[in-house]
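If you want the building blocks of each chain, they are given just below.
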Amino acid sequence: MKLQTSNSKLQTANFQFQNKACDGPLEFEIGSLELNIVAFCCHYCAYAAADLAGSLRIQYPASVKVVKIPCTGDLDVSSVLEAFEYGADGVMVAGCLEGDCHYQLGNFNAKRRVNYVKTMLRQIRFEPDRVRMFNMSSAMGRKWAEAVTEMDETVRRLGPSRLREKETKETKETRELVQEAI
Amino acid sequence: MIVAEQKPLEEIKGLLGDAPRVLVVGCGTCVTVCFAGGEKEAGILGSLLRMSAKLDGGPKDVTEATVQRQCEWEYLDTIRDRVAEADVVLSLGCGVGVQALAERYPNAVVVPGLNTAFMGLPIEQGVWVERCAACGNCLLGLTGGICPIARCSKQLLNGPCGGSSNGKCEVGPEIDCAWQLIYDKLKAQGRLHLLMDINPPKDWRTSRDGGPRKIVREDLRLVKEGN
Ligand code: SF4
Ligand code: SF4
Ligand code: FES
């Protein structure tokens, strides 16, 4: 119960910050308020798509942190859980379009593993929507930006992960300083 | 190999109760290859338990250790200190591993994280099937290498029964009739004459009916001092 109260506070603070942040091009880490989405991207498609989005200067939420893997078929469920355990608010698994995996069926295997992670998250009563699989080709820079935006919206709606470390005195001070500055 | 699967998380949490410190012990042999209780699975379960503790309460201090083989005491000596520090030891070994841990460390509270299912093999990645029931008196030489004890639902010695239809067992449409398999195999090998002999009733004393089983090999036992 306690956790939830502090959560909703965090969430409110987070929204306030977001609203203010919209007014100016502020880009910095402010401890527990910044959302963190880890994206496991396959080398051949999703990673290339993210790269393309960058070259095309397409805007997408800065909450995403990309981890390159050779193929989503190489995804290890323990890596996804590790991300959540260490406080990630969301995890994206992004691979090639179905039928286009450079290792034939890696992305179909990944899809099953993502579903498996969802069942595990359900068992610990943690929102399964925080993990999701995406498919795109290397030419789909815009699709990458859309995917990240969608995921960012989902995670923002769910609020920060309840598994995050609680705010410490130091991070609280930093946050308050930043908020004052805004 | 011994095939096992993980218990539901709720049940595991129930077994752990309020113990603050939990040691998850994986096993590097059978349960590693059936993806139920190896180092990776111990890590995943540890991670889930820690997250679950943060979300809903439960043991917070969960650590993992994996031994090469949980069913031999020598391997268990490597985790002596870790076991001593834990309030509950959650074994991811098969039933033998759990008991080996409990015997080696009489003061430790050891609970199982797996359900030990059967002795079998993987027929494809992610699918395991039963092949032997350890009856203690192997008949495979008479049945073309197909076990009628583990694979015939009625453990018939002179099958098939009347329920065999189109190669499937009457117990379930997905179960191959073991006696159909035996017949087909012996026919293909030109050894159908083996089926002309009636097998006598099986002596089950070598199996579960004779109490706990034991094998003693005097040639292998070490001579004790004074003998
Ligand atoms: S006959 Fe007995 S020992 Fe042989 S495979 Fe079947 S159950 Fe195992
Ligand atoms: S149908 Fe075949 S496998 Fe099933 S009980 Fe009868 S003989 Fe055994
Ligand atoms: S190479 Fe992209 S998903 Fe397999």
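Here is what the cut-offs are and how they apply
- Residues numbered from 1 in each chain as written.
- Chains lettered and ligands numbered in written order.
- Predicted model: local features only at pLDDT ≥ 70, side-chain atom pairs only at ≥ 80, totals over all residues.
- Heavy atoms only, no water.
- Near = heavy atom within 4 Å.
- 1 Å grid on protein atoms, 1.4 Å probe; cavity = no way out; pocket = protein on both sides within 12 Å on 5 of 7 lines; lining within 4 Å.
- Sits in = over half its atoms within 2 Å of the grid points.
- Nonpolar A, V, L, I, M, F, W, Y, C, P; charged D, E, K, R; others polar.
- pLDDT = per-residue confidence, 0-100.
- Contact = heavy atoms within 4.5 Å.
- Buried area = accessible area lost by both parts, 1.4 Å probe.
- Salt bridge = Lys/Arg side-chain N within 4 Å of Asp/Glu carboxyl O.
- Polar contact = N/O pair within 3.5 Å; in protein donor to acceptor, adjacent residues only side chain to side chain.
- Helix = DSSP H or I, 4+ residues; strand = E, 2+ residues; numbered from the N terminus.
- Points joined across faces, edges and corners; volume = space filled by probe spheres on them.

## Quick notes on the site of ligand 2
Residue and element names in this part refer to chain B.
Point 1. In the vicinity of ligand 2, 13 residues are found, and the nearest of them are Cys152, Cys161, Cys169, Cys177 and Ala178.
Point 2. At a threshold of 2 Å from the grid points, most atoms of ligand 2 map onto the largest cavity.
Point 3. Taken together, the residues of the shell around ligand 2 break down into 8 nonpolar, 3 polar and 2 charged.

## Some points on the confidence of the model for chain A
Point 1. Looking at chain A as a whole, the pLDDT averages 83, with 79% of positions reaching at least 70.
Point 2. Predicted confidence for residues 1–32 of chain A stays below pLDDT 50, and this span has 38 contacts to residues more than four positions away or in other chains.

## Regarding the interface of chain B and chain A
Point 1. With 13 residues of chain B at the interface, the matching set in chain A holds 16 residues.
Point 2. Buried area between chain B and chain A, summed over both chains or domains, comes out near 1,400 Å², and the portion from carbon and sulfur atoms is 60%.
Point 3. The largest share of the area that chain B buries against chain A comes from B:Met51, B:Lys54 and B:Leu55, three residues that together contribute 46% of it.
Point 4. Applying the counting rule to chain B against chain A returns 4 salt bridges.
Point 5. Put simply, B:Glu10 and A:Arg125 hold a salt bridge, and the shortest N to O gap is 3.9 Å.
Point 6. The interface formed by chain B and chain A holds 6 residue pairs in polar contact (both at pLDDT 80 or more) in total.
Point 7. Secondary structure elements with two or more residues in the side of chain B that touches chain A: α1 (9–16) and α3 (39–56) of chain B.
Point 8. Looking at the side of chain B that touches chain A, the element that brings in the most residues is α3(B), giving 10 residues.
Point 9. Of the residues assigned to the side of chain B that touches chain A, the class counts are 6 nonpolar, 2 polar and 5 charged.

## Details of empty space enclosed by the protein
One water molecule sets the probe size; rolling that probe over the atoms shows where empty space is left.
All names here are of chain B.
Point 1. Tallied over the full model, the rule gives 2 cavities of 30 Å³ or more.
Point 2. Quantified by volume, the largest cavity comes out at close to 90 Å³.
Point 3. As for the largest cavity, its lining consists of 15 residues, of which Cys152, Ser153, Cys161, Cys169 and Cys177 are closest to the centre.
Point 4. Within the residue set of the lining of the largest cavity, elements represented by two or more residues are β9 (172–176) and α8 (178–188).
Point 5. Taken together, the residues of the lining of the largest cavity break down into 9 nonpolar, 2 polar and 4 charged.
Point 6. The computed volume of the second largest cavity comes to approximately 30 Å³.
Point 7. In terms of lining, the second largest cavity is formed by Leu142, Leu194, Leu195, Asp197 and Asn199.
Point 8. Grouping the constituent residues of the lining of the second largest cavity by class yields 3 nonpolar, 1 polar and 1 charged.

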